[in-house]
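# Residue-level structural notes
The primary structure of each chain is shown beneath.
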Amino acid sequence: MRTQVAIIGAGPSGLLLGQLLHKAGIDNIILERQTGDYVLGRIRAGILEQVTVDLLEEAGVADRLHAEGTVHHSIELVFNRTRHPILVDQLTGGKVVTAYGQTEMTRDLMDARAAAGLPTVYEAANVSLHDFDGKTPRVRYEKDGRTHEIECDFIAGCDGFHGVSRQSVPQGAIREYEKVYPFGWLGVLSDTPPVSPHAIVYGNSERGFSLCSMRSLTRSRYYVQVPLTDKVEAWSDERFWDELRLRLDPDLASRIVTGPSIEKSIAPLRSFVAEPMRFGRLFLAGDASHIVPPTGAKGLNLAASDVKYLSSALVEYYREKSEAGIDTYSDRCLRRVWKAERFSWWLTTLMHRFPDTEGFGQKVQDAELDYLVHSKAMSTALAENYVGLPLEL
Ligand code: RFL
Ligand code: PHB
């Protein structure tokens, strides 16, 4: 088999890249380890920056997003049992974010790919990457007990944090930076109306962080900070709702509509960057190359901006025979990645309770929150990062 670009992973990065390349007339095959249903069953991101929405439009998959997504003009911070709105649109000259689940975005991309008859191999086992330091890279995989090989011009490693692409790079060629946080997020999805349908609510209380988000006007997503040692089985729905209410202001707490959870899971928080993002004819994109703690809602949006830079670079290569975009891919991505890493780390530090922070550290966090909501300069810095920095900095 031969294709121009072999894409590893059918998460949002791989599917979006496949769609943008197809629009530009570039052949691609996607290899995915799981089934399509498994990929759609992972409940993850919910907030899209305008840059991501624009890209989905460019890919021709934004109709349902516009019909069903909810535009948020503000976010709210809760601390000391009081709510403080941050009017992000006013602070950024009219920029907003859109609540639309990663699951729905992935479904739209899968449907568009199927409608265009583009090849995706699900349940591709033992994917391995070869010869990407030369001009004809190859990808091998097993399916139904047989080994297959794809010859290609380029490989796009869109296979997430635990994928094979980053691990295929010789150790001396890659540098990793990592920060692990001493807590996780317990998330609950429920078919109940969101307590705050017009804004995402981020809470910091002495019991820890909380977040009120949504997937639609009838489906909510909530999170609370938990110790890494907690097991999800120890959290009944009732215990979760009680804990969430204790971390919010009395008004919001009294208005939460509870119901059975339809998904409940604990995710650890991590900051991670692997540099560079290009090795010969292998490119890493999305979670394969960087992870942010979800507090800033940046992970999926960074995956989308990587894909924007990568698809433009590949289009430039095939249309103009220029390697300029390919050569600058890693540097362009990393400039944006590190700014999102900084923002996500900062917001995580500001909004969570750390086991070893008490006394002086807690007083400084209290002062910073107070300063943030009363300073236009600092609220603007939060708002412009939250809606997403421009693609060209
Ligand atoms: P994914 O989604 O992990 O997809 C990678 C795909 O590659 C497949 N794969 C392989 N395929 C073939 N061979 C192999 N050896 C393979 N190994 C892996 C996997 O099965 C998978 O299908 O990475 P991608 O596409 O880069 O997308 C990244 C996003 O999923 C991620 O950044 C976001 O979900 C992060 N995130 C958020 N991002 C936002 O922008 N806004 C948010 O509001 C937001 N909230 C979140 C989040 C992530 C969370 N969790 C659980 C980590 C909330 C949470 C709780
Ligand atoms: C979500 O809706 O899942 C969500 C929203 C905002 C975040 C993280 C996750 O910062």
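A brief look at the structure comes next.

Turning our eyes to something else, we now look at the site of ligand 2. Inspection of the region around ligand 2 gives 13 residues, with Tyr 202, Ser 213, Arg 215, Tyr 223 and Pro 294 positioned closest. In the model, an oxygen atom of ligand 2 is placed 3.1 Å from a nitrogen or oxygen of the Thr 295 main chain. Contact between ligand 2 and Ala 297: an oxygen atom at 3.5 Å from a main-chain N or O atom of the residue. Notes on ligand 2: free accessible area 280 Å², of which the protein chains cover 97%.

Before going further, it helps to examine the pairing of strand β2 (residues 28–31). The alternating pattern of β2 places Asn 28 and Ile 30 and Ile 29 and Leu 31 on opposite faces, both of which are buried. Note that strand β1 (residues 5–8) and β2 share 4 bridges and pair parallel. Within β2, the position partnered with Ala 6 by the bridge is Ile 29. With helix α1 (residues 12–23) bridging β1 and its parallel neighbour β2, the resulting β-α-β unit is right-handed. Where β2 lies against strand β8 (residues 120–121), 2 bridges are found, and the strand directions are parallel. Bridge assignment links Ile 30 to a residue of β8, and that residue is Thr 120.

Another point: the pattern of salt bridges. Pairing between side chains of opposite charge can happen when the charged atoms of each approach one another. Across all of its chains, the model carries 27 salt bridges by this definition. Here Arg 245 and Asp 242 are joined by a salt bridge, their closest N and O atoms 3.0 Å apart. Of this pair, Arg 245 and Asp 242 both sit in helix α7 (residues 237–246), 3 residues apart, which is roughly one turn of that helix. We classify Arg 245 as partly exposed; its relative accessible area is 29%. Owing to a relative accessible area of 37%, Asp 242 belongs among the partly exposed residues under this scheme. Ionic contacts of the salt-bridge type, sharing partners, join the residues Arg 64, Glu 68, Glu 104, Arg 107 and Asp 108 into one network.

The next point concerns the packing of helix α10 (residues 324–351) against helix α12 (residues 376–386). For the pair α10 and α12, the least separation of the axes is 11 Å and the interaxial angle reads 125 degrees. Here α12 runs oblique to α10, going by the angle between their axes. Classified by chirality, the crossing of α12 by α10 is left-handed. Between α10 and α12, the contacting residues are Arg 342, Phe 343, Trp 346 and Leu 347 on the first element and Met 378, Leu 382, Asn 385 and Tyr 386 on the second. The residue inventory of the contact of α10 with α12, partitioned by class, reads 6 nonpolar, 1 polar and 1 charged.

A few words on the sheet that holds strand β14 (residues 199–205). Taken together, the 8 strands give an open sheet; going across it, the order is β6-β5-β14-β15-β16-β13-β17-β20, and neighbouring strands pair in mixed fashion. At either end of the open sheet lies a strand with only one pairing partner, and these are β6 (82–86) and β20 (290–291). The pairing of strand β15 (residues 208–216) with strand β16 (residues 219–226) spans 6 bridges and is classified as antiparallel. Across the sheet, the residue bridging to Cys 212 is Tyr 222, located in β16.

What follows is about the environment of Ser 13. Tracing the chain through its elements places Ser 13 in helix α1. When its relative accessible area of 8% is taken as the criterion, Ser 13 is described as buried. Ignoring sequence-local partners within four residues, the contact set of Ser 13 consists of Cys 158, Ala 285, Gly 286, Ala 303 and Val 307.

The next subject is the site of ligand 1. Looking at ligand 1, there are 32 residues lining it, with Ser 13, Glu 32, Arg 42, Gln 102 and Leu 300 nearest. Separating an oxygen atom of ligand 1 from a backbone N or O atom of Ala 297 is a distance of 3.1 Å. Take Asn 301: an N or O atom from its main chain is 3.1 Å from an oxygen atom of ligand 1. Relative to its free-state accessible area of 1000 Å², ligand 1 is covered by the protein chains to the extent of 89%. For the shell around ligand 1, the secondary structure elements donating two or more residues are α1 and α9 (299–320). No other element matches α9, which puts 3 residues into the shell around ligand 1. Partitioned by chemical class, the residues of the shell around ligand 1 number 14 nonpolar, 11 polar and 7 charged.

So, on to α12. Considered for burial, the residues of α12 that qualify are Met 378, Ser 379, Leu 382, Ala 383, Asn 385 and Tyr 386. Put simply, Ser 375 is the residue that caps the front of α12, since its side-chain oxygen is 3.3 Å from the backbone nitrogen of Ala 377. Of the residues one or two after α12, Gly 388 is the one with positive phi, at around 105 degrees.

Our next topic: the environment of His 198. Take His 198: it is sitting in the loop between β13 (175–190) and β14. For His 198, a relative accessible area of 61% gives the class exposed. Along the chain, His 198 and His 73 lie 125 residues apart, while their C-alpha atoms are 7.4 Å from each other. In this structure His 198 touches His 72, His 73 and Ser 74, once residues within four positions along its chain are discounted.

Cut-off values and rules
Residues numbered from 1 in each chain as written. Chains lettered and ligands numbered in written order. Predicted model: local features only at pLDDT ≥ 70, side-chain atom pairs only at ≥ 80, totals over all residues. Heavy atoms only, no water. Near = heavy atom within 4 Å. Polar contact = N/O pair within 3.5 Å; in protein donor to acceptor, adjacent residues only side chain to side chain. Areas by Shrake-Rupley, 256 points an atom, 1.4 Å probe, with all protein chains shown as cover. Buried < 20%, exposed > 50% of the residue type's maximum accessible area, 1.4 Å probe, protein only. Helix = DSSP H or I, 4+ residues; strand = E, 2+ residues; numbered from the N terminus. Pairing = 2+ DSSP bridges. Right-handed = clockwise from strand over helix to strand, strands pointing away. Salt bridge = Lys/Arg side-chain N within 4 Å of Asp/Glu carboxyl O. Axes fitted to C-alpha atoms, helices over the stretch in contact; angles between N-to-C directions. Parallel < 35°, antiparallel > 145°, perpendicular 65-115°, else oblique. Left-handed = near helix turned anticlockwise from the far one by under 90°. Contact = heavy atoms within 4.5 Å. Nonpolar A, V, L, I, M, F, W, Y, C, P; charged D, E, K, R; others polar.

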